[in-house]
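Per-entry structural report
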Amino acid sequence: MMIANYFEAQFVSAIGWTVLHSLWQVALIALLMSVVLFFIDDRKATTRYTISLTAMFLALVTSVGTFIHFYSQ
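Everything in this summary refers to the structure shown in the same document. One numbering rule holds for all chains: residues counted from 1, following each sequence as written. Per-residue local features are limited, in this predicted model, to residues with pLDDT of at least 70; the limit for side-chain atom pairs, both in listing and counting, is 80 or more; totals at the level of whole chains, interfaces and linings are taken over all residues. Note that the side-chain values use all heavy atoms of the structure and ignore hydrogens as well as water.

Assigned secondary structure in the protein consists of 2 helices and 0 strands. Note that the radius of gyration is over C-alpha atoms, with the globule rule given as 2.2 Å times the number of residues to the power 0.38. For 73 residues, the compact-globule estimate of 2.2 N^0.38 gives 11 Å, and the C-alpha radius of gyration of the protein, at 17 Å, exceeds that figure by more than 25%. On the principal axes, the C-alpha backbone points of the protein span a range of 55 × 20 × 15 Å. Summing over all exposed atoms, the protein offers an accessible surface of approximately 5700 Å²; the carbon and sulfur share of this is 76%. Helix numbers and strand numbers start at the N terminus; a helix is a DSSP run of H or I with at least 4 residues, a strand a run of E with at least 2. With residues, only the protein chains shown are counted as cover, and all accessible areas are computed by Shrake-Rupley using a 1.4 Å probe.

In structure tokens form, the structure reads like this:
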């Protein structure tokens, strides 16, 4: 049995495009995070943790936004 039998085609298509676009979106966010972490003068663990946590939250938000974009089309 195929997954398309259980879900509507628009949902499956939106999931597929979300996964595809999430690859480059998360890679870009990770690149920006590493640049920020490289150039900050503050070496405290809490600052690095906050920047990393913000990057992970941003990755989640962009993935959800991408799904909503493709599902609403």
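Another aspect to go through is the packing of aromatic side chains. Stacked, edge-to-face and tilted are the three classes for Phe, Tyr and Trp ring pairs, Trp counted by its six-membered ring, which pair at centre distances within 6.5 Å; planes under 30 degrees apart are stacked, over 60 edge-to-face, the rest tilted. On inspection of all chains with the given rule, the structure shows 5 aromatic pairs. The interplanar angle of 85° and the centroid separation of 6.3 Å between the aromatic rings of F11 and Y71 together place this pair among those described as edge-to-face. Residue F11 is located in helix α1 (residues 9–39), and its partner Y71 is located in helix α2 (residues 45–72); the two are separated by 60 residues in the primary sequence. Taking the centre distance of 5.0 Å and the plane angle of 85° together, the rings of F38 and F39 count as edge-to-face. No difference in accessibility class separates F38 from F39, as the two residues are exposed. Between buried and exposed lies partly exposed: a residue is buried under 20% and exposed over 50% of the maximum accessible area for its type, with that area taken using a 1.4 Å probe on protein chains only.

Between the first and last C-alpha of α2 there are 40 Å, a value that for 28 residues agrees with the 40 Å anticipated at 1.5 Å per step. What α2 keeps buried is the set I51, A55, A59, S63, T66 and F70. Of the surrounding secondary structure, the elements contacted by the buried residues of α2 are α1. One less than the residue count of a helix, multiplied by 1.5 Å, gives the span that helix is expected to have. By definition, residues are in contact when any of their heavy atoms lie within 4.5 Å.

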